[in-house]
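Overview (structure and organization)
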Amino acid sequence: MMKTFFSFLIVLSVINLSAQNLKNFSVPKGYTRIAEAKGDLDKDGKDEVVLVFDINIKASDDRNLEDTTDYKRVFYILKNEDGRLKIWKENSTILFSSGTGFYPSDNTLEVSIKNNSLHIGQSFFTNSRHTQQYKHTFRFQNGDFYLIGSLDHFEDTCDFSFTNEINFSTGKVIIDREYSSCDDDAKIPQDFHKEFTHKLQNLIKMDDFKIGEHKFRLPGLKEDFVF
């Protein structure tokens, strides 16, 4: 019993020391908050806060699309220690800039914390009839945040709806291809659905992840699973 008590004290000491090393957070000048989420990410019974901002640095020159300016984005994962927010994690590589896509005003960004995991959803038009949707899930484990889920949905208003989804924790992969047409006389390809297991040798850390820069070959297909 005494040994368990001392082990508990050691854990508390480590947590407190870690918290003391975190920098205080304040909103940088010129940043605009665009999303927020709250929830427990490290299972300590306390809610963390996730804040997402358009920053005051342009991702590119003005695109002159509906008077939208293209700004880079960043999100912070913050711990609440004694009423003060402290920076636990900062990332600017996962989020697309504010002017991404064909109709930037129609872009969506959703951030939430569910089941002790951080969920980030982004969607935009790639042209006048194609939409791209991404959903990524990150979990804090082994002292860092790791990618544990990825969904990529690409859709045409008339011809197709493609989905690539993977749960990196279980290795379950879902490939779904649905075809259609707005032309009654068009020959429509056959739908395709495939499920299998693919385990990565090592999970990818949040700081090492950028959308579209990772892939593996799909068994039985002449294409890659890109995530």
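Our subject is the structure that appears above.
Reference entry: report on the structure contained in this document. Throughout this document, residue positions are counted from 1 along each chain, in the order its sequence is written. Residues qualify for local features only when their pLDDT is at least 70, as the model is predicted, and side-chain atom pairs are given and counted only at 80 or more; totals for whole chains, interfaces and linings, by contrast, use all residues. Calculated side-chain values reflect all of the structure's heavy atoms, with hydrogen atoms and water omitted.

This part covers the packing of aromatic side chains. Put simply, two rings from Phe, Tyr or Trp (the six-membered ring, in Trp's case) pair if the centres are within 6.5 Å, and we call them stacked under 30 degrees between planes, edge-to-face over 60, tilted for the rest. Using the criterion set out here, one finds 19 aromatic pairs in the structure. Ring pairs connect the aromatic residues Phe-25, Tyr-31, Phe-53 and Tyr-76, which therefore count as one cluster. A ring is considered to have a charge above it if a Lys NZ or an Arg CZ atom is located within 6 Å of its centre and within 35 degrees of its normal. Stacked on the ring of Phe-162, the Lys or Arg Arg-177 has its end atom at 5.0 Å from the ring centre.

The pairing criterion is simple: DSSP has to find at least two bridges between the two strands. Here a helix means four or more residues in a row that DSSP labels H or I, a strand means two or more in a row labelled E, and each is numbered from the N terminus. Of the strand pairs in this sheet, strand 7 (residues 117–125) and strand 8 (residues 130–141) are connected by 9 bridges, and their pairing is antiparallel. Residue pairing for strand 8: Ile-120 is matched across the bridge by His-136. Linking two consecutive strands that pair antiparallel, namely strand 7 and strand 8, is a turn of 4 residues. Taking the residues between adjacent antiparallel strands as the criterion, strand 8 and strand 9 (residues 144–156) are bridged by 2 residues, where Asn-142 takes a positive phi near 50°.

Our focus in this paragraph is empty space enclosed by the protein. The pocket and cavity definitions rest on a 1 Å grid over protein atoms only: a 1.4 Å probe that fits but cannot leave marks a cavity, an open set with protein on both sides within 12 Å along at least five of seven lines marks a pocket, and residues lining either have an atom within 4 Å of a point. Grid points are joined across faces, edges and corners, and a volume is the space filled by probe spheres set on the points. Under the definition given, this model contains 1 cavity of 30 Å³ or more. Roughly 60 Å³ of internal volume is contained in the largest cavity. Around the largest cavity, the lining residues are Arg-73, Phe-96, Ser-97, Thr-100, Asn-107, Thr-108, Leu-109, Gln-122, Ser-123 and Phe-124. Elements with a minimum of two residues in the lining of the largest cavity: strand 6 (108–114) and strand 7. Looking at which element gives the most residues to the lining of the largest cavity, the answer is strand 7, with 3 residues.

What follows deals with the state of the cysteines. For the purposes of this analysis, a disulfide is any pair of cysteine sulfur atoms at a distance within 2.5 Å. Enumeration according to the criterion identifies 1 disulfide in this entry. Shown here is the disulfide that connects Cys-158 with Cys-182, its sulfur atoms set 1.8 Å apart. Its S-S torsion of approximately -90° makes the covalent link between Cys-158 and Cys-182 left-handed. Placement of the pair is Cys-158 in the loop between strand 9 and strand 10 (160–167) and Cys-182 in the loop between strand 11 (172–179) and strand 12 (192–197), with a sequence separation of 24 residues. Think of it in three bands: residues with accessible area under 20% of the maximum for their type are buried, residues over 50% are exposed, and the middle band is partly exposed, with areas taken using a 1.4 Å probe on protein chains only. Looking at Cys-182, the relative accessible area reads 54%, which means it is exposed.

Okay, the environment of Lys-210 next. Position of Lys-210 among the secondary structure elements: in the loop between strand 12 and strand 13 (215–217). Note on Lys-210: relative accessible area 43%, which makes it partly exposed. Sequence spacing of Lys-210 and Phe-227 is 17 residues, and the spatial spacing of their C-alpha atoms is 8.4 Å. Among all residues touching Lys-210, those that are not within four sequence positions of it are Thr-93 and Phe-227. We call two residues in contact when some of their heavy atoms are within 4.5 Å.

When you line up the elements, Phe-124 lands in strand 7. By relative accessible area, which is 12% here, Phe-124 ends up buried. Measuring from C-alpha to C-alpha, the distance between Phe-124 and Ser-105 comes to 9.1 Å, with 19 residues separating the pair along the chain. Not counting residues up to four positions away in its chain, the partners in contact with Phe-124 are Phe-96, Thr-100, Gly-101, Asn-107, His-130, Thr-131, Gln-132 and Tyr-134.

Read across the open sheet, the 5 strands follow the order 1-5-4-3-2; overall the sheet is antiparallel. Of all strands in the sheet, those bounded by a partner on one side alone are strand 1 (23–24) and strand 2 (32–39). Here strand 4 (residues 71–81) runs beside strand 5 (residues 84–91); their pairing, made up of 7 bridges, is antiparallel. Residue pairing across strands places Asn-80 opposite Leu-85, the latter belonging to strand 5.

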